Amino acid sequence: MTTTIVPRTQDLSEGALGMALLDIERGDLSTARRHLAQATVRGVSTGSNASLFHGAPALEFVLARAHGAGDDVRAAVDRVVDARLAAAHRRQAAGALPHLAEWDLIRGLTGLAALLLSRRPIAPRLPDVLACLVALAHPARGEGRILPGWWSLVGPDGKRMVGGHGNNGMAHGIAGPLAVLSLALRAGVSVPGQEEAVGTFATWLDRHGAHYWSTAADLEADQPPAAEPARQSWCYGQPGIARAQQLAALALGDTARRQAAEDIVETILTDPLRLARITDSTLCHGWAGLLTLTRAVAADSPAPARFTPIIQDLHRRLAAVLDQQQTKLYTGVKFRQGSAWEWLYLYLACVLPNGLSRLPGQRPGFTPHFGWGSMAALDAGSLAYLTIREGEDDKGRYWEVGVIGHGEGGADLAERVVSEIR
């Protein structure tokens, strides 16, 4: 007997909505519709956890990639924005320090601002969201001292942190507001104090950006301590921060800052020791995020060719998940001539945490169950795809279903898929 895990279907990071985004990017709209239906079968979340990565805002983001976000979805997002703005205004009136979830990219107002900025015409609520982000640049009082306005008494792990911390990353830190405020300036959307806020955040990251976050002790030091070796990725680390600095430089016309930011990206992504700390292929922590980031940096650089070898190397590293040690398991389940594979796909799409997706293509080491490719399950930096082996028994010719797993968690994922098929 197996236990069915109900997926968080409206997360971009896992579940059917994220799979729909992948389908749309591949141009597989029929599969995207199936994943969208699965994601929204119980309605769409507009609660306190709704954000760019979850619920109605995430749904708008995905639909917009297919030019299909309707007025009803946008209205639901507007209700989310109104609720988040009201909560931020109440917190400001109380003179309290913010929680990261109020304003960060993944959960908060920065992500909502990025979504509103992508609408055409620009959403009328966007200036109010930008004003809340600009207010983070104003010093605040907490713990008996003057602190940066984005300082949080809750640590990155969600627990109270003695003295609090200032988060620097793109996903949960001040690099996120810096990026979206800069993008808005470049799009011609500004509110009072926005350029000054961009300068404040950029200057902070000049000093503290080598660290994931800064502590109260760092505020008192003449210089921040030397950074410990750490994974450099999109969400935390200097590549994401450097991208935010590049955007700030472009918004402010600061050639020296732009050059410095681009130099950081090139230096980090050509350093074997730093690259050795990247252990998966995911968007947040791994090669996919770094590849996406580097493409964006190159597109905004006056010298994009300098990043071509880096992009090629990241492509190679991302594709190498199929070169990692594989786990091949067979299920004992045999299909005969005329058997319908679709029922197996439908079942797996319903019971696997991230559903099922098409994995087209041909390459050495890839042994799919059809000529066009295979159906695959994805989980973090691992994948498991279906394969077959042909045989014959007393009932005639058959094709036995197998599963091949790749990646750090490939063996566990393959075993999970096999257990569901059996």
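Everything discussed here concerns the structure shown above.
Residues numbered from 1 in each chain as written. Predicted model: local features only at pLDDT ≥ 70, side-chain atom pairs only at ≥ 80, totals over all residues. Heavy atoms only, no water.

Colleague: Explanation requested: the overall build of the protein chain in the structure shown.
Modeller: On a plain count of helices and strands, the protein chain comes out with 17 helices and 10 strands. Here the C-alpha atoms of the protein chain give a radius of gyration of 23 Å, agreeing with the 22 Å that 2.2 N^0.38 yields for 422 residues. Principal-axis analysis of the C-alpha atoms places the extent of the protein chain at approximately 80 × 45 × 40 Å. Evaluated residue by residue, the protein chain yields a buried proportion of 51% over its 422 residues. (Helix = DSSP H or I, 4+ residues; strand = E, 2+ residues; numbered from the N terminus. Rg over C-alpha atoms; globule rule 2.2 N^0.38 Å. Buried < 20%, exposed > 50% of the residue type's maximum accessible area, 1.4 Å probe, protein only.)

Colleague: How do you make sense of the packing of aromatic side chains when you look at a structure like this?
Modeller: The geometry of two aromatic rings is summed up by the distance between their centres and the angle between their planes. What the rule picks out here adds up to 6 aromatic pairs. For the pair phenylalanine 335 and tryptophan 341, a centre-to-centre distance of 4.1 Å together with 5° between the ring planes defines the contact as stacked. In this structure, lysine 334 is placed above the aromatic ring of tyrosine 398, and the distance from its NZ or CZ to the ring centre is 4.3 Å. (Phe/Tyr/Trp six-rings, centres within 6.5 Å; stacked < 30°, edge-to-face > 60°. Lys NZ or Arg CZ within 6 Å of the ring centre and 35° of its normal.)

Colleague: Please explain the pattern of salt bridges as it appears in this structure.
Modeller: Two side chains bearing opposite charge may form a pair once their charged atoms approach each other closely. According to the stated counting rule, one finds 25 salt bridges in the structure shown. Arginine 336 is paired through a salt bridge with aspartate 393; the nearest N and O atoms lie 2.9 Å apart. Taken together, the positions of arginine 336 in the loop between β6 (327–335) and α16 (342–351) and aspartate 393 in strand β9 (residues 382–393) put the pair 57 residues apart, joining distant regions of the chain. With a relative accessible area of 24%, arginine 336 lands in the partly exposed category. Note on aspartate 393: relative accessible area 24%, which makes it partly exposed. Between arginine 389 and glutamate 400 there is a salt bridge, and its shortest N-O distance comes to 2.8 Å. Of this pair, arginine 389 sits in strand β9 while glutamate 400 sits in strand β10 (residues 396–406), and the two are 11 residues apart along the sequence. Since its relative accessible area comes to 41%, arginine 389 is described here as partly exposed. Among the residues examined, glutamate 400 registers a relative accessible area of 9% and is labelled buried. (Salt bridge = Lys/Arg side-chain N within 4 Å of Asp/Glu carboxyl O.)

Colleague: Any chance you could explain helix α12 (residues 255–268) here in plain terms?
Modeller: A rise of 1.5 Å per residue sets the reference length of α12, with its 14 residues, at 20 Å; its end C-alpha atoms lie 20 Å apart and thus fit the reference within 8%. Among all positions of α12, only Arg257, Arg258, Ala261, Glu262, Val265 and Ile268 are buried. Seen end-on, α12 carries its buried residues on one side only, within an arc spanning 135°. Of the exposed residues in α12, the ones pointing more than 90 degrees away from its buried face are Thr255 and Ala256. At its buried positions, α12 is contacted by α9 (194–208), α11 (238–252), α13 (272–275) and α14 (287–299). (Expected span 1.5 Å × (residues − 1). Arc of directions from axis to C-beta. Contact = heavy atoms within 4.5 Å.)

Colleague: It is not clear to me how the pairing of β9 should be interpreted in this structure. Could you clarify?
Modeller: By the bridge criterion, 4 bridges tie strand β8 (residues 373–379) to β9 in an arrangement that is antiparallel. Bridging across to β9, alanine 376 finds its partner in tyrosine 385. Counting the residues that bridge the hairpin from β9 to β10 gives 2 residues. (Pairing = 2+ DSSP bridges.)

Colleague: Got a minute to help me understand unusual backbone geometry in this structure?
Modeller: What is expected of a backbone is that most residues other than glycine have negative phi and most peptide bonds are trans. Here arginine 120 and proline 121 are connected by a cis peptide whose omega angle stands at 0°. Phi is positive for histidine 67, close to 55°, though the residue is something other than glycine. Looking at where histidine 67 falls in the secondary structure, it is placed in the loop between α3 (55–65) and α4 (71–94).

Colleague: When you look at the packing of helix α6 (residues 109–117) against helix α7 (residues 126–135) in this model, what are you seeing that I'm missing?
Modeller: When two helices pack together, their arrangement is captured by the angle between the axes and the distance separating the axes. Closest axis-to-axis distance for the α6/α7 pair is 9 Å, and the angle between their directions is 150°. Every pair of crossing elements has a handedness; the one defined by α6 and α7 is left-handed. On α7, the residues touching Leu109, Thr110, Ala113, Leu116 and Leu117 of α6 are Leu126, Val129, Leu130, Cys132 and Leu133. Its residues placed into classes, the contact of α6 with α7 shows 9 nonpolar, 1 polar and no charged. (Axes fitted to C-alpha atoms, helices over the stretch in contact; angles between N-to-C directions. Left-handed = near helix turned anticlockwise from the far one by under 90°. Nonpolar A, V, L, I, M, F, W, Y, C, P; charged D, E, K, R; others polar.)

Colleague: What is the right way to read the state of the cysteines from this model?
Modeller: When the sulfur atoms of two cysteines share a covalent bond, that bond is a disulfide. Tallying each qualifying case throughout the model produces 0 disulfides. Here cysteine 284 stays unpaired: no disulfide links it, and the sulfur of cysteine 235, its closest cysteine neighbor, is 3.4 Å away. (Disulfide = S-S within 2.5 Å.)

Colleague: I tried to follow the side chain of histidine 54 on my own but got confused; where do I start?
Modeller: Tracing the chain through its elements places histidine 54 in the loop between α2 (29–40) and α3. Only 2.4 Å separates the side chain of histidine 54 from the side chain of aspartate 11, close enough to count as a polar contact. There is a polar contact of 3.3 Å between the side chain of histidine 54 and the side chain of asparagine 49. Ignoring anything within four residues of it in the chain, the contact list for histidine 54 reads Gln10, Asp11, Ser45 and Asn49. (Polar contact = N/O pair within 3.5 Å; in protein donor to acceptor, adjacent residues only side chain to side chain.)

Colleague: Please explain the packing of α3 against α4 as it appears in this structure.
Modeller: The interhelical angle for the contact between α3 and α4, taken along N-to-C directions, is 140°, at an axis separation of 8 Å. Regarding the angle of α3 to α4, the classification is oblique. Considering how the two elements wind past one another, α3 and α4 form a crossing that is left-handed. From α3, Ala56, Pro57, Leu59, Glu60 and Leu63 reach across to α4, where they touch Val73, Arg74, Ala76, Val77 and Val80. In terms of residue class, the contact of α3 with α4 is made up of 8 nonpolar, no polar and 2 charged. (Parallel < 35°, antiparallel > 145°, perpendicular 65-115°, else oblique.)

Colleague: Can you walk me through helix α8 (residues 175–186) in this structure?
Modeller: Along an α-helix, a turn takes 3.6 residues, which lines up residues three or four apart on a common side. Taking 1.5 Å as the rise per residue, α8 with 12 residues should run 16 Å; its terminal C-alpha atoms sit 16 Å apart, in good agreement. Every buried residue of α8 is listed here: Ala175, Gly176, Pro177, Leu178, Ala179, Val180, Leu181, Ser182, Ala184 and Leu185. Close packing links the buried residues of α8 with α5 (100–103), α6, α7, α9 and α11. Just downstream of α8 lies glycine 188, where phi reads positive at about 85°.

Colleague: What is the right way to look at the sheet that holds strand β4 (residues 160–167) in this model?
Modeller: In sheet architecture, strand pairing relies on hydrogen bonds along the backbone and comes in two forms, parallel and antiparallel. Reading across from one edge, β3-β4-β5 is the order of the 3 strands in this open sheet, with antiparallel pairing throughout. Looking at which strands have only one partner, the edges of the open sheet turn out to be β3 (152–154) and β5 (213–215). Strand-to-strand twist in this sheet, taken as the mean axis angle between neighbours without regard to direction, amounts to 45°. Alignment of β4 against β5, held across 3 bridges, turns out to be antiparallel. Residue pairing across strands places asparagine 167 opposite tryptophan 213, the latter belonging to β5.

Don't take any of this as a statement about function, it's just geometry.
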